[in-house]
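Working through the structure, step by step
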Amino acid sequence: MQTRITQLFGIRHPIIQGGMHFVGLAELASAVSNAGGLGIITGLTQRSPELLAKEIARCRTMTDKPFGVNLTFLPAITPPDYPGFVKVIIEEGVKIVETAGNNPKQYLPALKEHGIKVIHKCTSVRHALKAQQIGCDAVSVDGFECGGHPGEDDIPNFILLPRAADELEIPFVASGGMADARSLVAALALGAEGMNMGTRFIATKEAPVHENVKQAIVAASELDTRLIMRPLRNTERVLANAAVDRLLEKEKALGDKLKFEDIFGEVAGVYPKIMTEGKMDAGAWSCGMVAGLIHDIPTCQELIDRIMAEAHEIVRGRLGSLTQ
Ligand SMILES: Cc1cc2nc3c(=O)[nH]c(=O)nc-3n(C[C@H](O)[C@H](O)[C@H](O)COP(=O)(O)O)c2cc1C
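Residues numbered from 1 in each chain as written. Predicted model: local features only at pLDDT ≥ 70, side-chain atom pairs only at ≥ 80, totals over all residues. Heavy atoms only, no water.

Taken together, Ile-155, Phe-158 and Ile-159 make up a surface patch of nonpolar side chains, about 320 Å² in accessible area. In this structure, Ile-159 sits in helix H7 (residues 157–167). (Patch = residues over 30% accessible without salt bridge, like charges linked within 9 Å, V, L, I, M, F, W, Y side chains within 5 Å. Areas by Shrake-Rupley, 256 points an atom, 1.4 Å probe, with all protein chains shown as cover. Salt bridge = Lys/Arg side-chain N within 4 Å of Asp/Glu carboxyl O. Helix = DSSP H or I, 4+ residues; strand = E, 2+ residues; numbered from the N terminus.)

Following this line, the structure appears as structure tokens:
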């Protein structure tokens, strides 16, 4: 199944694993790339550019296929060493970068000069158009369903993807709520040229997270996510747990007066406790509604092979028979 996305990134299947904090390590990125998709290492999970260089080198020992690095630009009082991370990406010869969060404009010239393809993740058509205008090669369009930060517009993919298709010239992948062959075929029908998955890839054998995290995703239904930090206009979709209940109580009580400091305990520095130690109530962690479609923990190869085989079957079989 060749699309502009497979051609752009030199991958076999139009399936991308989005950057995920404390999940997108070399084990997962290499497994996805070895299975013919595009694996992505999450840059900021590595605390310094030096550590990112080591993680990229580690990934190289695990795959000879293309993989990318995610750079998430978040508002921060003390921002990470973004120029340092960009330098390492260039020096280590990574050829694909997934940017997310704030506008990546200031880093684009350096990336493009070194032949690096940039896919920017965005949650609205206007941001996708902006990404196209500043020279991004592709975009990942994240609908309201997505795990992580869906933005503040609340437009689900059934509307957002065809809107993006109507406006964009560069290729895009559908992100948010994608889990299986049905997702891929639907995404293609809506105008995307592939799909990006986050939550689905956490529940795989190679994802280097605690077993409790994988079991929590399998056990969750589509009703089990919550939106937090709406009053701060930094909305995040997370899996419901005791910490999230506590946080939402504070949001309700404080209303417009809520400040980040009020919920520090529930959101700051919680990822290692959850992803590595498996303490599932330690804080709020991103998870998509798509958890309701996830019932097993396959290898990345099994997952991607199954998606591709069933996608061909849907197109040739069920859909093909409708047009005869
Ligand atoms: C646990 C988790 C952590 C994530 N961390 C990041 C991140 O650091 N940077 C980023 O750009 N996106 C992050 N995302 C978003 C994913 O890359 C992807 O866009 C999203 O999960 C797609 O929605 P889905 O979960 O429904 O597949 C994260 C998602 C999850 C579930």
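Reading across from one edge, E1-E8-E7-E6-E5-E4-E3-E2 is the order of the eight strands in this open sheet, with parallel pairing throughout. Since the sheet does not close on itself, it has two edges, and those belong to strand E1 (15–17) and strand E2 (39–42), each with one partner. Neighbour to neighbour, the strand axes of the sheet diverge by 30° on average, direction disregarded. Summarising the sheet, strand E6 (residues 138–142) and strand E7 (residues 172–175) pair through four bridges and their orientation is parallel. Paired with Asp-142 across the two strands is Ser-175, which belongs to E7. Contacts from helix H2 (residues 26–34) reach E1, E2 and strand E3 (67–73) within the one sheet, and its direction differs from that of E2 by about 165°. Together, E6 and E7 form the strand contacts of H7, whose direction differs from that of E6 by roughly 160°. (Pairing = 2+ DSSP bridges. Axes fitted to C-alpha atoms, helices over the stretch in contact; angles between N-to-C directions. Contact = heavy atoms within 4.5 Å.)

This part is about unusual backbone geometry. Negative phi characterises most residues that are not glycine, and trans characterises most peptide bonds. For Asp-154, which is not a glycine, the phi torsion comes out positive at approximately 60°. Relative to the assigned elements, Asp-154 resides in the loop between E6 and H7.

Of all the residues in helix H4 (residues 82–91), the buried ones are Tyr-82, Gly-84, Phe-85, Val-86, Val-88 and Ile-89. Check the buried side of H4 and you find it contacts helix H3 (49–62), E3, strand E4 (96–101) and helix H5 (108–113). Where H4 begins, the side chain of Asp-81 points an oxygen toward the backbone nitrogen of Gly-84, at a separation of 2.9 Å. In the segment just after H4, Gly-93 is the residue with positive phi, at about 75°. (Buried < 20%, exposed > 50% of the residue type's maximum accessible area, 1.4 Å probe, protein only. Polar contact = N/O pair within 3.5 Å; in protein donor to acceptor, adjacent residues only side chain to side chain.)

The geometry of H3 relative to H4 is characterised by a closest axis approach of 9 Å and an angle of 25° between their N-to-C directions. Taken together, H3 and H4 sit at an angle that is classed as roughly parallel. Judged by the twist between their axes, the crossing of H3 over H4 is right-handed. Seen from H3, the contacting residues are Pro-49, Leu-52, Ala-53 and Ile-56; seen from H4, they are Gly-84, Phe-85, Val-88 and Ile-89. Residues belonging to the contact of H3 with H4 are distributed by class as follows: seven nonpolar, one polar and no charged. (Parallel < 35°, antiparallel > 145°, perpendicular 65-115°, else oblique. Left-handed = near helix turned anticlockwise from the far one by under 90°. Nonpolar A, V, L, I, M, F, W, Y, C, P; charged D, E, K, R; others polar.)

As a further point, take the site of the ligand. Around the ligand sit 23 residues in total, of which Gly-19, Thr-72, Lys-121, Gly-177 and Thr-199 are the nearest. One of the backbone nitrogen or oxygen atoms of His-21 is found 3.1 Å away from a nitrogen atom of the ligand. Across the complex, the protein chains shield 93% of the 600 Å² of accessible surface that the ligand would expose by itself. For the shell around the ligand, the elements supplying multiple residues, two or more each, are E3, strand E8 (195–197) and helix H9 (199–202). Looking at the shell around the ligand residue by residue, the class counts come to seven nonpolar, 14 polar and two charged. (Near = heavy atom within 4 Å.)

With that out of the way, let us pick up the nonpolar core. A general trend in soluble globular proteins is that nonpolar side chains are found buried together. Formed by 83 residues in total, the largest nonpolar core has its most connected members in Val-139, Phe-201 and Trp-285. With seven residues, helix H14 (residues 300–322) is the largest single contributor of residues to this core. Sequence-distant contacts of Trp-285, defined by excluding residues within four places in its chain, comprise Val-213, Ala-216, Ile-217, Glu-236, Arg-237, Val-238, Leu-239, Asn-241, Tyr-271, Ile-274, Met-275 and Met-280. Ile-5, Ile-16, Leu-38 and Ile-40 belong to the second-largest nonpolar core, a separate cluster that totals ten residues. (Core = buried A, V, L, I, M, F, W, Y, C linked by side-chain atoms within 4.5 Å.)

Taken N-terminus to C-terminus, the directions of H2 and H3 make an angle of 40°; their axes are 9 Å apart at the nearest point. Considered as vectors, H2 and H3 are oriented oblique to each other. Considering how the two elements wind past one another, H2 and H3 form a crossing that is right-handed. Between H2 and H3, the residues in contact are Ala-26, Glu-27, Ala-29, Ser-30 and Asn-34 and Glu-55, Arg-58, Cys-59 and Met-62, respectively.

The values are spatial; any link to function lies outside them.
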